[in-house]
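This is what each chain is made of:
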Amino acid sequence: MEFFDSHSHFNDEKFNEDREEIINLMYKENITKTVCIGYNLKQSKKAVEISKNTAFIYATCGISPNDIEDFNEKNLREIEKLSHNDKVVAIGEIGLDYYWNKENKEKQKELFIKQIEIANKLNKPIVIHTREAVMDTLEILKKHPVNKKGIFHCCPLNVELIKEGLKLGFYISFSGNITFKNAKSEETVSIVPNERILIETDSPYLSPEPYRGRRNTPSNVKLVAKRVAEIKKVSIEEIAEITYRNAMKIYDIN
Ligand SMILES: [Zn+2]
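Residues numbered from 1 in each chain as written. Predicted model: local features only at pLDDT ≥ 70, side-chain atom pairs only at ≥ 80, totals over all residues. Heavy atoms only, no water.

### Let's talk about the overall build of the protein
Working step 1: Looking only at helices and strands, one finds nine helices and eight strands in the protein.
Working step 2: A compact globule built from 254 residues would reach a C-alpha radius of gyration of about 18 Å, and the protein, at 17 Å, matches this within 12%.
Working step 3: Expressed along its principal axes, the backbone C-alpha trace of the protein runs to roughly 45 × 40 × 35 Å.
Working step 4: Across the 254 residues of the protein, 61% fall into the buried class. (Helix = DSSP H or I, 4+ residues; strand = E, 2+ residues; numbered from the N terminus. Rg over C-alpha atoms; globule rule 2.2 N^0.38 Å. Buried < 20%, exposed > 50% of the residue type's maximum accessible area, 1.4 Å probe, protein only.)

### Quick look at the packing of aromatic side chains
Working step 1: All told, the structure shown has six aromatic pairs when counted by the stated rule.
Working step 2: On the numbers, 5.0 Å between centres and 85° between planes, the contact of tyrosine 99 with tryptophan 100 is edge-to-face.
Working step 3: Grouping aromatic residues by their ring pairs yields a cluster made of Phe4, Tyr244 and Tyr251.
Working step 4: Taking the ring centre of tyrosine 58 as reference, the NZ or CZ of lysine 87 above it sits at 4.9 Å. (Phe/Tyr/Trp six-rings, centres within 6.5 Å; stacked < 30°, edge-to-face > 60°. Lys NZ or Arg CZ within 6 Å of the ring centre and 35° of its normal.)

### Topic: the coordination of the zinc ion
Working step 1: Bound to the zinc ion are the protein donor atoms His7 (NE2), His9 (NE2), Glu93 (OE) and Asp202 (OD), situated 2.1 to 2.4 Å from the metal.
Working step 2: For the zinc ion, the four donor atoms are set out with angles of 85 to 179° between them, so the coordination reads as irregular.
Working step 3: Along the chain, the residues donating to the zinc ion are arranged with the sequence spacing H-x1-H-x83-E-x108-D. Note that histidine 9 is positioned in the loop between strand E1 (3-8) and helix H1 (19-28) and glutamate 93 in strand E4 (residues 88-97), a separation of 84 residues in sequence. Considered together, histidine 9 and glutamate 93 belong to a single accessibility category, that of buried residues. (Donors = N, O, S within 2.8 Å, 3.2 Å for Na, K, Ca; no water. Tetrahedral: all angles 85-135°; square planar, octahedral: opposite > 155°, others 65-115°.)

### Digging into the pattern of salt bridges
Working step 1: Scanning all chains against the criterion turns up 13 salt bridges.
Working step 2: Note that glutamate 80 and lysine 121 form a salt bridge whose closest N and O atoms lie 2.9 Å from each other. Of this pair, glutamate 80 sits in helix H3 (residues 73-83) while lysine 121 sits in helix H4 (residues 105-122), and the two are 41 residues apart along the sequence.
Working step 3: Ionic pairing is found between glutamate 164 and lysine 167, a salt bridge with its closest N-O pair at 3.1 Å. Taken together, the residues glutamate 164 and lysine 167, both in helix H6 (residues 159-167) and three residues apart, mark about one turn of the helix.
Working step 4: A relative accessible area of 16% places glutamate 164 in the buried class.
Working step 5: Its relative accessible area of 67% is what places lysine 167 among the exposed residues.
Working step 6: Overlapping salt bridges, with partners in common, bring together Glu186, Lys226, Arg227 and Glu230 in one network. (Salt bridge = Lys/Arg side-chain N within 4 Å of Asp/Glu carboxyl O.)

### Here's the deal with the environment of lysine 105
Working step 1: As for its position among the elements, lysine 105 is in helix H4.
Working step 2: Judged by relative accessible area, lysine 105 falls into the partly exposed class, the value being 34%.
Working step 3: For the pair formed by lysine 105 and cysteine 155, sequence separation is 50 residues and the distance between their alpha carbons is 20 Å.

### Observations concerning the nonpolar core
Working step 1: Membership of the largest hydrophobic core comes to 65 residues, with the highest contact counts inside it found for Phe10, Ile126, Leu141, Phe152 and Phe174.
Working step 2: If you tally residues by element for this core, the top one is H4, at seven residues.
Working step 3: Those residues within four positions of phenylalanine 10 in sequence are excluded, and the remaining contacts are Phe15, Arg19, Ile22, Ile23, Met26, Thr34, Cys36, Ile50, Ile57 and Pro218. (Core = buried A, V, L, I, M, F, W, Y, C linked by side-chain atoms within 4.5 Å. Contact = heavy atoms within 4.5 Å.)

### Observations regarding the sheet that holds strand E5 (residues 126-131)
Working step 1: A sheet is described by the order of its strands in space; here eight strands give the open sequence E1-E2-E3-E4-E5-E6-E7-E8, paired in parallel fashion. Strands with a single pairing partner mark the edges of an open sheet, and in this sheet they are E1 and strand E8 (197-199). On average, each strand axis in the sheet is tilted by 30° relative to the strand beside it, whichever way the strands run.
Working step 2: Pairing between E5 and strand E6 (residues 150-152): three bridges, direction parallel. Looking at E6, one finds that valine 127 is bridged to isoleucine 151.
Working step 3: Packing against the sheet, H1 makes contact with strand E2 (31-36) and strand E3 (57-61), and its axis sits at approximately 135° to E2. (Pairing = 2+ DSSP bridges. Axes fitted to C-alpha atoms, helices over the stretch in contact; angles between N-to-C directions.)

### Structural notes on the environment of tyrosine 205
Working step 1: The topology assignment puts tyrosine 205 in the loop between E8 and helix H8 (221-232).
Working step 2: Between the alpha carbons of tyrosine 205 and leucine 157 there is a distance of 17 Å; along the sequence they are 48 residues apart.
Working step 3: For tyrosine 205, the contacting residues outside a window of four places in its chain are His9, Asp12, Lys14 and Asn216.
Working step 4: Within the structure, tyrosine 205 has its side chain in polar contact with the side chain of aspartate 12 (distance 2.5 Å). (Polar contact = N/O pair within 3.5 Å; in protein donor to acceptor, adjacent residues only side chain to side chain.)

Structural measurements only, silent on function.
Next comes the structure, spelled out in structure tokens:
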């Protein structure tokens, strides 16, 4: 049984002390692929560097709405240049975040749209971060279609968003949030068909139960798989296989 953690941040400084060790451990525990997600220029460069050094780690490049200070034309050109690379499998994480930033909504939208244009130019999918911005996110995706589609990462447990996202052809990636008590995980996980579901850790953030609050690592993707298996009433082996296959497909890895 092998797992694909569709979204992690080995570029994060929380891994500076023991990055190699955790990468080796993850592989030993059968998490045999992950994508190191960029979120600003510096961390996109770092993600590409990590992917170059490790065969089973891929990368994305992008500027997230929470790193809006990185938004200028020069940096966008850099993101595009960095993404001209076989190990860069998507543009992301990009999107809208009105939870942390309400004051610059227009600027966030502009940055999101410009990076959708980069994805379309390079023919790559996108990885979407959306928080408290469901309507605006969907509106932008409808007005600015992404050729290669993409992934709603750490998908908010919002039935409306998931239904609309599926209609637009996107994949839905669940993280440790579905293991939390009171999470609306049953009704949201069960509406995602097998061919569109992904699992992720978002390491080092968002540890699943029973490790909530501690540093997360890709090994914990098994706990997310276990919860999905419980809800869908199938074996964890089946969820591992389905989500692995889906991740290979959306990220176009052979
Ligand atoms: Zn992330």
